[in-house]
Amino acid sequence: MLIKKQLLLFFLLAISGIAFADNGYRLWLRYDRINNQQVAGKYNKQIQQLYISGNSATIQKAKQEFTNAIQGLLGKKISIVNKLTTDGTVIAGTVASNKILGALDPKELKNASDEAFYITTMQINNRSCILICGNSDIGVLYGIFHFLRLVNTGQDITKLDILSSPKIKYRLLNHWDNLNRTVERGYAGASIWDWHKLPDYIDQRYIDYARANASIGINGTVLTNVNANATILTRPYLDKVAALANVFRPYGIRVFLTARFSAPIEIGGLKTADPLDAAVQDWWKQKIKEIYSLIPDFGGFLIKANSEGQPGPQDYKRNHAQGANMFADALAPYQGIVLWRAFVYSQQSNDRFKQAYEEFKPLDGQFKPNVILQVKNGPIDFQPREPFSPLFGAMPHTPLAMEFQLTQEYLGQGTHLVFEAPLFKEALNADTYEKGKGSTVAKIVDGTVDNFSLTAMAGVSNIGSDINWTSHPFAQANWYALGRLAWDHNLSSDQIAEEWLEQTFSNDRSFVAVSKSIMLRSRETLVNYMTPLGLAHIMYNGHHYGPMPWGNTLGRPDWNPVYYHKADSAGIGFNRTVTGTNALEEYQQGASSSWADSNKCADEYLLWFHHVSWNHRMHSGKTLWNELCFRYNAGVDSIRKIQQQWNSLERFVDAERFIQVKQLLNIQVKEAVWWRNACLLYFQTFSKMPIPSVYEQPDKTLEYYKSLRFPYAPGN
Ligand code: GCV
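Residues numbered from 1 in each chain as written. Predicted model: local features only at pLDDT ≥ 70, side-chain atom pairs only at ≥ 80, totals over all residues. Heavy atoms only, no water.

Caption draft 1: Quick look at the packing of helix 8 (residues 235–248) against helix 10 (residues 278–294). At a minimum axis distance of 9 Å, the contact between helix 8 and helix 10 shows a crossing angle of 40 degrees. In this structure, helix 8 meets helix 10 at a crossing whose hand is right-handed. Across from Arg235, Leu238, Asp239 and Ala242 in helix 8, the residues of helix 10 making contact are Lys287, Glu290, Ile291 and Leu294. Looking at the contact of helix 8 with helix 10 residue by residue, the class counts come to four nonpolar, no polar and four charged. (Axes fitted to C-alpha atoms, helices over the stretch in contact; angles between N-to-C directions. Helix = DSSP H or I, 4+ residues; strand = E, 2+ residues; numbered from the N terminus. Left-handed = near helix turned anticlockwise from the far one by under 90°. Contact = heavy atoms within 4.5 Å. Nonpolar A, V, L, I, M, F, W, Y, C, P; charged D, E, K, R; others polar.)

Quick look at the structure:
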């Protein structure tokens, strides 16, 4: 009897499409069978055979992906044909490769980028067809992935007319992966690059990594940490890099490396790395020649110089432009580019916020055309909320790349569910006023404001060797969001969340509604329980795990949390107005005016720009102290609500991932309470005001929270 019941349960679960276990390895490319018979029935008629032209490795991959996907989604083996014989033919290729597509020759596609694609439906010889036309083979692959996304998310494919072209040219992941396989700020296991076994051993993961990236339009990967190791530039390692490049090439992904500025000394035997020294210049020229002889489509270098102890041109009294241009000259003959990072904060400034602007603004216009300055979204360092970096509105003669951080160094690391698309969108939608109203960060980055064709967006990778790639199942969504936004920054967080959920978990409307709402609220929830009202950088020193607003023991003032919040008996916050460090001056007036007056400044940014009294009247009518208590508690309430909501979704999710997320949310709730209690107790020592009795009171003392130590927190 019991066995019968179990069989029945198995059968019911099987037909309802809920798998017993899903380890998350397949990411958003699961291609599980479509359960909805009506939808599957329609697709079965509309997708009967694939007529794909071209023989390149990329076209082979497109074919393979399509057949695998349709096999999974519809449970049928799709036939590959070379002429149009029936309804439901999907015709794919470039205009040049196929007569039918050649006759179509859509004008808009012609004017779009090499990577663009066009998808349309039409009757040809009385047959209904779906046409996927790329400007290049990689455009065809992108078109195939887009079409599969439509099917995977249950869209109507009867009448399609989609022209899609990436808004950004270089859409990159930046791995902070070390050669010993540790990952700086990595929370998902070891580096996926198994340098020891390369070049002879090609892990299946490399292929699946490339597929996943291509499916969201990522076309470049920086394999190594910006805190660079010159060994990667030695021949044995370049052979390993070349092996990876060979795997990625068919998927349209180029490899980039980080270049250690002092490599000519460390591996070249020179006495100097001075960028104006002829021998140094020649060394880099030879090295770059060697790289291109092994990797003809090598993308170029990402360079962190004179920042956090990394060597750079300033060591030789040269400036960033002189340093970057040396690499640019050597890369130019091969169409390689230099991504030069603007993340600098030496001790000269009276405000770390101002440092990047102070060093780079005077160099605007001095970089060679193949240099792009890579700027973090905010002026400090990937905080839960930052105003946009003032550099975005200040460098009209220099192309600027956007650097986001997917790995959650300051956002709860490996255990917190935080969907970052709203953070990315907030930065991209901010108005720099560089050329008047509407000069959004997105339009600076995509080159439209200053007319640049060299454009880039990068995400610091959150990928590791964990079976599901990103440790937290929902962290996959941040990788996904980066790719989708780099392709089209006009996509909404809502759309990205929805399509990711549908592909990664389930199409069920009730599931999607609740889980999407969880995702869309998650970032604000975290801001509230960690750093509300414009607080920043109050995480633990070094590993940045957990709260440490009291931190004041490190040698440099700007390494200490107290530097950032400046709480005292008079109030809290960093005065960056004219009466303070005047960092606001680095913005165009249109952008800074909304922040300049503490009575008008949006609550979200208040403490970024003002030191205000504990009794300061907030927009809500509450005093600052009461608002702070309210926000910290709102954050905790919200994550508890999210926890409950997730628990209500059990029937829609496979057991493995359901339990993973459930356990992680339990940790997140605990940590949110920890953040709230530790911060309020600490700030209370200055405000001297009670936490209003309507709120849960801390159950531990400040001394207890101060005594916590995490010497082995990951990613450090
Ligand atoms: C790779 C922050 C991180 C560092 C990181 C640095 C950077 O300071 O804590 O780990 O170094 O940013 O972006 O270069």
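Caption draft 2: Representation of unusual backbone geometry. The linkage connecting Leu198 with the following residue, Pro199, adopts the cis geometry, with an omega of 5 degrees. Within the fold, Pro199 resides in the loop between strand 7 (170–174) and helix 7 (204–215). Positioned with a positive phi, Arg185 is a non-glycine residue whose angle comes to about 60 degrees. Its place among the elements puts Arg185 in the loop between strand 7 and helix 7. One non-glycine residue with positive phi stands out, namely His544, at about 65 degrees. Classification of His544 by relative accessible area gives buried; the value is 11%. (Buried < 20%, exposed > 50% of the residue type's maximum accessible area, 1.4 Å probe, protein only.)

Caption draft 3: View of the packing of aromatic side chains. This structure, assessed with the given rule, holds 52 aromatic pairs. Seen from their ring centres, Trp193 and Tyr206 are 5.9 Å apart, and the 40 degrees between their planes marks the pair as tilted. Of this pair, Trp193 sits in the loop between strand 7 and helix 7 while Tyr206 sits in helix 7; the two residues are 13 residues apart in sequence, bridging distant segments of the chain. Accessibility expressed as a relative area gives 0% for Tyr206, which makes it buried. Joined through ring pairs, the aromatic side chains of Tyr25, Trp28, Trp193, Tyr206, Tyr209, Phe248, Trp469, Trp479 and Tyr480 make up one cluster. Positioned above the aromatic ring of Tyr201 is the side chain of Lys197, whose terminal nitrogen or guanidinium carbon lies 5.1 Å from the ring centre. (Phe/Tyr/Trp six-rings, centres within 6.5 Å; stacked < 30°, edge-to-face > 60°. Lys NZ or Arg CZ within 6 Å of the ring centre and 35° of its normal.)

Caption draft 4: Local environment of the environment of Gln71. Looking at where Gln71 falls in the secondary structure, it is placed in helix 3 (residues 57–74). The spatial distance from the C-alpha of Gln71 to the C-alpha of Gly414 is 34 Å, given a sequence separation of 343 residues. Excluding anything up to four places from it in sequence, Gln71 contacts Lys76 and Lys77.

Caption draft 5: Looking closely at the sheet that holds strand 8 (residues 220–222). Read once around its circumference, the closed barrel built from eight strands follows the order 7-8-9-10-11-12-13-14, with strand pairing classed as parallel. The average undirected angle you get between the axes of adjacent strands in this sheet is 25 degrees. Strand direction decides the pairing type here: strand 10 (residues 300–303) and strand 11 (residues 337–341), joined by four bridges, are parallel. Residue Phe301 lies in a different strand from strand 11, and its bridge partner there is Val338. Each of strand 10, strand 11 and strand 12 (371–376) is contacted by helix 11 (residues 320–331), which is oriented at about 160 degrees to strand 11, the strand it contacts most. (Pairing = 2+ DSSP bridges.)

This is a description of form; function is not addressed.
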